[in-house]
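# Overview (structure and organization)
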Amino acid sequence: MLILLIIALAPQFAAQNQPEMKSDKPIEFQGDLKIGKRYVAEIKTGEDLQSVQPVKQLKPLIHHAARIDWMNLEGLGIFSLQYRARKIEFVFEVVSEDTVFVANGRWNTTYFCRILELKTKGEYYGKYNAKTFVFVGKCKSVKPTGKRHQSYIFTFEILRTVAGGENMGDKREIAFERFADFGGRYWLNQVGQRSANSGEFQLNSEKEIEVTLLYSLDEKIKN
């Protein structure tokens, strides 16, 4: 009888002692962030058109101020989407956090987050579903497009992939456009500099740079 009881309880005991399975499925952002977790959140752009933040506000601890530092936001071209998208949504993960004492019992906390996916819904794009592609490369050329809204075409040689890029295949070169006021100036500063004497832009084509881009997961779908 005792042996039968032990056998009957064994599966239940084993189930209770199974290690907790971790899931990469993002959870809806409700104002709280934890390192290592993935979240999905609707995003809004700031009035300065140079910052983004979740529609739902962070919920810092008492006597704390909190902000998000998007580690790979620069150069994504996200700010040019705001004119065309009624809704922008990020899937992101929290990489680390930094809390510093300010004064008078006040603390500032910065959450460093990496954008993994971006989704939009708007009249121009229809439905746009994209992931981030991170690679190390060298910029081979920068060409102005001549558009009224100033922009540049940056062409990079792909040296090695860091993350993403499942749909890229064997591509060893990639080109992307950035408007001057939506990431263009950032990339110009990354790949070269202007001569102090002539003011002409000088490209450093041997400099290795980590680049984060968006690549589409599906075709554009009309609303």
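Structure's up top.
Here the structure is a predicted model, which is why all the values come from computation and not from measurement.

## Here we look at the side chain of Lys-138
Mapping Lys-138 onto the fold places it in strand E7 (residues 126–144). A relative accessible area of 16% places Lys-138 in the buried class. Once residues within four sequence positions are removed from consideration, Lys-138 is found in contact with Thr-155, Phe-156, Glu-157, Leu-159, Ser-205, Glu-206, Lys-207 and Glu-208.

## Re the packing of aromatic side chains
Summed over all chains, the structure comprises 14 aromatic pairs. Relative to Trp-107, the ring of Phe-101 has its centre 5.0 Å away and its plane inclined at 65 degrees; by these criteria the two rings are edge-to-face. Among the aromatic residues, those joined into a cluster by ring pairs are Phe-133, Phe-135, Tyr-152, Phe-154, Phe-156, Phe-176, Tyr-186 and Trp-187.

## Comments concerning the nonpolar core
Taken as a class, soluble globular proteins show a tendency for nonpolar side chains to be buried jointly. In this structure, Phe-29, Leu-33, Trp-70, Phe-90, Phe-92, Val-94 and Cys-113 are the most contacted members of the largest nonpolar core, which totals 20 residues. Those elements giving two or more residues to this core turn out to be strand E2 (38–45), strand E4 (64–70), strand E5 (87–101) and strand E6 (107–122). Discounting residues that sit within four places of it in the chain, Trp-70 has contacts with Ile-43, Val-52, Pro-54, Phe-90, Phe-92, Cys-113 and Ile-115. If you look at the next biggest cluster of nonpolar residues, it comprises 18 residues, including Tyr-152, Ile-174, Leu-188 and Ile-209.

## Structural notes on the environment of Gly-192
Within the secondary structure, Gly-192 is located in strand E10 (residues 192–194). Contact partners of Gly-192, with chain neighbours within four places excluded, come to Phe-201, Gln-202, Leu-203 and Asn-204.

## A look at the side chain of Thr-109
Turning to its location among the elements, Thr-109 is positioned in strand E6. Classification of Thr-109 as buried rests on a relative accessible area of 5%. In terms of polar contacts, Thr-109 uses its side chain to reach the side chain of His-64, at 3.4 Å. Non-local contacts of Thr-109, meaning those with residues more than four positions away in its chain, are made with His-64, Ala-65, Ala-66, Arg-67, Glu-97, Asp-98 and Thr-99.

Definitions and limits used
Residues numbered from 1 in each chain as written. Predicted model: local features only at pLDDT ≥ 70, side-chain atom pairs only at ≥ 80, totals over all residues. Heavy atoms only, no water. Helix = DSSP H or I, 4+ residues; strand = E, 2+ residues; numbered from the N terminus. Buried < 20%, exposed > 50% of the residue type's maximum accessible area, 1.4 Å probe, protein only. Contact = heavy atoms within 4.5 Å. Phe/Tyr/Trp six-rings, centres within 6.5 Å; stacked < 30°, edge-to-face > 60°. Core = buried A, V, L, I, M, F, W, Y, C linked by side-chain atoms within 4.5 Å. Polar contact = N/O pair within 3.5 Å; in protein donor to acceptor, adjacent residues only side chain to side chain.

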